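For reference, the chains in residue letters:
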4 protein chains.
Amino acid sequence: MEMVGFVGLGRMGRPMASNLCRKGFRLVVNDVNPAAVQELESLQARGAASAAEVAGQAGIVVTMLPNSAVVREVVAGPDGILAHARPGSLVMDMSTVSPETTDELAALARARGIGFVDAPVGRLASHADKAESLFMVGASEDDFARVKPLLDGMGSTIFHCGPVGSGTRTKLVNNYLAVTSCQLNAEALALSQRLGLDLERTLEVLYGTTAVNGQLKIAWPSKVLAGDVEPGFTIDLAHKDLTLVSEAAHAARVPMPILAAAREAFSTARARGFGTKDFSAMVDALCDLAGIEKPRLRR
Amino acid sequence: MEMVGFVGLGRMGRPMASNLCRKGFRLVVNDVNPAAVQELESLQARGAASAAEVAGQAGIVVTMLPNSAVVREVVAGPDGILAHARPGSLVMDMSTVSPETTDELAALARARGIGFVDAPVGRLASHADKAESLFMVGASEDDFARVKPLLDGMGSTIFHCGPVGSGTRTKLVNNYLAVTSCQLNAEALALSQRLGLDLERTLEVLYGTTAVNGQLKIAWPSKVLAGDVEPGFTIDLAHKDLTLVSEAAHAARVPMPILAAAREAFSTARARGFGTKDFSAMVDALCDLAGIEKPRLRR
Amino acid sequence: MEMVGFVGLGRMGRPMASNLCRKGFRLVVNDVNPAAVQELESLQARGAASAAEVAGQAGIVVTMLPNSAVVREVVAGPDGILAHARPGSLVMDMSTVSPETTDELAALARARGIGFVDAPVGRLASHADKAESLFMVGASEDDFARVKPLLDGMGSTIFHCGPVGSGTRTKLVNNYLAVTSCQLNAEALALSQRLGLDLERTLEVLYGTTAVNGQLKIAWPSKVLAGDVEPGFTIDLAHKDLTLVSEAAHAARVPMPILAAAREAFSTARARGFGTKDFSAMVDALCDLAGIEKPRLRR
Amino acid sequence: MEMVGFVGLGRMGRPMASNLCRKGFRLVVNDVNPAAVQELESLQARGAASAAEVAGQAGIVVTMLPNSAVVREVVAGPDGILAHARPGSLVMDMSTVSPETTDELAALARARGIGFVDAPVGRLASHADKAESLFMVGASEDDFARVKPLLDGMGSTIFHCGPVGSGTRTKLVNNYLAVTSCQLNAEALALSQRLGLDLERTLEVLYGTTAVNGQLKIAWPSKVLAGDVEPGFTIDLAHKDLTLVSEAAHAARVPMPILAAAREAFSTARARGFGTKDFSAMVDALCDLAGIEKPRLRR
């Protein structure tokens, strides 16, 4: 089995790499944080001093980094992964980046005879802990087959969305719906509260019609509606995703007025101190703004 | 069993009244359209020349009328139902009206010793045909018990939302979510199309995460995504509902920026000739606007 | 000279009627507030017990009332002005109402051989005090000539906008621009403050380019930018005007996304207690929301 | 008099540099387009093979380049201006860039003992031709005095907005107002047209109240309202400016809902083929969308 490189051991990367170690993959890892590297070494991973060193030793290099700029630097920088990767190796970027970033890196990799796969992550860090992540994968059929065992080691739901770039793009569309649903629900429940409706009875109706959405039915009952606004996924990160979607939409000349309005609502929530709360707390932000009692399920 | 009055035999009222006749209720009916009255007479209903005449003969009077203004006239006008209703009788308005209308009529009824229930209808006319409507009911416990057999005769899902006025208010919240989801989905799928994603694969992902919503998963696959934009519920009617929600939100001082943006999107769709299409065709309206291929499922 | 009727002696109507009295017009007046009638009687106006009585005595009846519903009742109600007006007389409505209201009343008047003019008021109550109002007049040429002396007695700037209905419509367009400019300026100055720019220098630039607008250059320096948010025109009234514009735009199928966004901003300001402030205080509302120092000119 | 370097001889830079030559400044110039360099050489400027060569010869280096990325490369790249500039020299960037770009370049310059001034341009290319540009300048008092003669040679209105970075920031605020006013006016005039109002009479009213703005009164009568939509400033460029403002606003957590709505309107106009028209043609884009006759002044 080929050696797996892993660069980026943050809140998502660490459990993902750890799960691979536990399932018997041989890993060589790197991160700017030495403690994270040591944690993986305790699971029999080999620590490397740089991304370049990782690239020199691995057949597949996974990157899980904070944003487009960091990914570009680490993958395509002068001393980056592509500069040191072995012919026939493959880079799988699992970070959340812009489609342009994915396309550029894939082209650079191709020019050097290196494979490229984009496989951003759905679901939360808590799912990564349990190897229950969802992955949206953009890859050729062959590359998909090559990374599939790795993905199975880190997650429970794997979608092959299409050729390289499809993973990143599908994630944009997916997160647009999920994140914007939170503001949609916030408006609906703030209105409901102000109109004096009973929360449980109202939800019972909404859950029984096509008005329902996944956030309202699956995510919210155990988060904001239960009074838990500790972040699974923060309003700040949701806002960052909406910014990526907005950039893609404007580049593609797709008018998205609800996106624009939702993004301002997230900006308002951040301006009022809700940035580090769970994104379901958008309803708290709106209720706070308008002087409305927050919706909470009876116990 | 007490006589049931039914005023308003349009696209929704006719099948609802018909179902009651078929199930053995005794009806006295009225409509501005004589043909509709005759149709009910063929089912053993008694035709009446006016709403006043209906009111004089019935213990419960159902109204199913086009908008707030007509309901006010027919129920509370000088020669209306309340002026001729018998003491102890009950009016159940099933029209889609503003909360203010419901509240005013309920107060007028109460002052005359007449019961009042608001029970607007969820789902489509095609459901009414099969007695599979969903009703959101605002009523006292006693009044709810009194109208329950009637509701069971016309629909399959009955929600008692709370006291008088709760039905109308719950419907506003419900329809806000359902209608606005259509524009949300329109933006997501237009972006998806422009980004070159495969529709089937993308939907498979969306259906597997909290990005999903009832319109996208339940309603759209057999409507716009199958190429069917014949109206179950028109964009014009959806726009009318958003206007009711907007009025309620502004009266209640609940800022709803997504609502506002969605309402302009429906206005745009109407300006471009999509008003009489099914409300799932919002995605066609956006794709047409931006020169994007419409999303259609492979057959 | 024909007798002038005046119905509606509120904050705007009282000074307007008073100015007519002072300039020698003979008035018969009515209001729901007896004190307002007495004040006019002290200026030699004749008090009347009802709008009907006014109509019976006057050649021209001016109405200056709070909203469409009141105007409809007073002008077209069973005991209203049209029911008692003399053949050949003329009604001039100066209230702010919807175009539909103007059109309906004009049609009812025409059917009875009574003239109708719509002449809503621009500028503030303080201008009315000094007979410096601006009027936007919808009238036939003959009717305009007939009411011109009256308008000259109450204001300093008279625009004949076109046939009946043009005054009301022009006011909608005018107030849309003026009111929405306030939110536009609010966003620009909030950003400017947050970016650390010097207010005086920034305004000097804006006043020297096509970025300028009348609110920013003419109205704001002596209002919010000077720390004066006592209402010339309240945020509540501005919001009401935006609602009239929104209704007209949706009826006419004109998508107006900035209008929609601005209306939610006014709703937010009202939800946070700014409704009774001057409409220039929209910038204070936004700065308060986002934790930004309010823009104030140095003294 | 010190030698003036000029890098970037595009549609704006060429006339600006030419005017300096004509007024007796000694110039050394560079551009990627050799023809542009030759044109300046015919005015006695010295052509240079690179920005580095310009930097080595000049006391003040002016940059006038297309966007933030190019400015960063040319000024701060490995073979850029800062790497070759003489101690005590000064870089004046007149491009439209993000505040972050200005701040970063200013800091890099300062660290090398080189002065930095940001002086973006207001008004159009046609003004630059006549040395009638407007400049918004961010500079220390000393640096401002040093560049003032140059600015006087290229423009007629010079604003010293504050310290370095103030020019770029002021331009953002200024262009936000100017650009968004176009969509505001588009909505107002589209509504006015649909309501059947006379354009000339309506403008006469608007020009006489605080509803007026600089675009409507100064720019539009000779552009779109006269049927001229040849670009002074294109919808594409206006959209680019709104994107810069949006990025700044979101970074600064200033909710700007009108900005967001306006940006989508520009996106819609671009999607429908209006991107290369003058930005006053936003009203044509909206009227086209909604099937409304375009507003044109009678001749």
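Residues numbered from 1 in each chain as written. Chains lettered and ligands numbered in written order. Predicted model: local features only at pLDDT ≥ 70, side-chain atom pairs only at ≥ 80, totals over all residues. Heavy atoms only, no water.

Chain A is annotated in an unreviewed UniProt entry as NAD(P)-dependent oxidoreductase from Methylobacterium nonmethylotrophicum.

Student: Is there a simple way to think about the packing of aromatic side chains in this case?
Tutor: Two measures describe an aromatic ring pair: the distance that separates the ring centres and the angle between the ring planes. Residue and element names in this part refer to chain B. By the definition in use, this model includes four aromatic pairs over all chains. Centre to centre, the rings of Phe233 and Phe279 are 5.2 Å apart; their planes meet at 80°, and the pair counts as edge-to-face. Placement of Phe233 in the loop between helix H11 (214-219) and helix H12 (235-251) and of Phe279 in the loop between helix H13 (257-271) and helix H14 (282-290) is noted, with a sequence separation of 46 residues between them. The pair Phe233 / Phe279 is uniform in exposure class, with both members buried. (Phe/Tyr/Trp six-rings, centres within 6.5 Å; stacked < 30°, edge-to-face > 60°. Helix = DSSP H or I, 4+ residues; strand = E, 2+ residues; numbered from the N terminus. Buried < 20%, exposed > 50% of the residue type's maximum accessible area, 1.4 Å probe, protein only.)

Student: What should I look at first to understand the relation of the copies chain B and chain A in this one?
Tutor: One copy of the chain maps onto the second through a rotation around an axis plus a translation along that axis. For the pair chain B and chain A, the relating rotation is 180°, the translation along its axis is 0.0 Å, and the fit reaches an RMSD of 0.0 Å. These values place the two chain copies in the arrangement generated by a two-fold rotation axis. In terms of C-alpha distance to the rotation axis, chain B has Asn213(B) as its closest residue, with the C-alpha 1.9 Å off the axis. Most of the interface of chain B is mirrored in chain A, where 100% of its interface residues are also at the interface. (Least-squares fit on C-alpha atoms with pLDDT ≥ 70 in both. Contact = heavy atoms within 4.5 Å.)

Student: What's the story with the relation of the copies chain C and chain D in this structure? I'm lost.
Tutor: When chain C is fitted to chain D, the residual RMSD is 0.0 Å, and the transformation amounts to a turn of 180° plus an axial shift of 0.0 Å. When the interface residues of chain C are mapped onto chain D, 100% of them again lie at the interface, so the same face is used by both copies.

Student: When you look at the pattern of salt bridges in this model, what are you seeing that I'm missing?
Tutor: Pairs may arise between side chains of opposite charge once their charged atoms sit close together. Under the criterion given, the structure shown has 56 salt bridges over all chains. For Arg272(C), the salt bridge is made with Asp288(C), and the minimal N-O distance between the two is 2.5 Å. Highlighted residues: Arg272(C) in the loop between helix H13 (257-271) and helix H14 (282-290) and Asp288(C) in helix H14, separated in sequence by 16 residues. For Arg272(C), a relative accessible area of 23% puts it in the partly exposed group. Because the salt bridges share partners, they merge into one network encompassing Asp198(A), Glu200(A) and Arg298(A). (Salt bridge = Lys/Arg side-chain N within 4 Å of Asp/Glu carboxyl O.)

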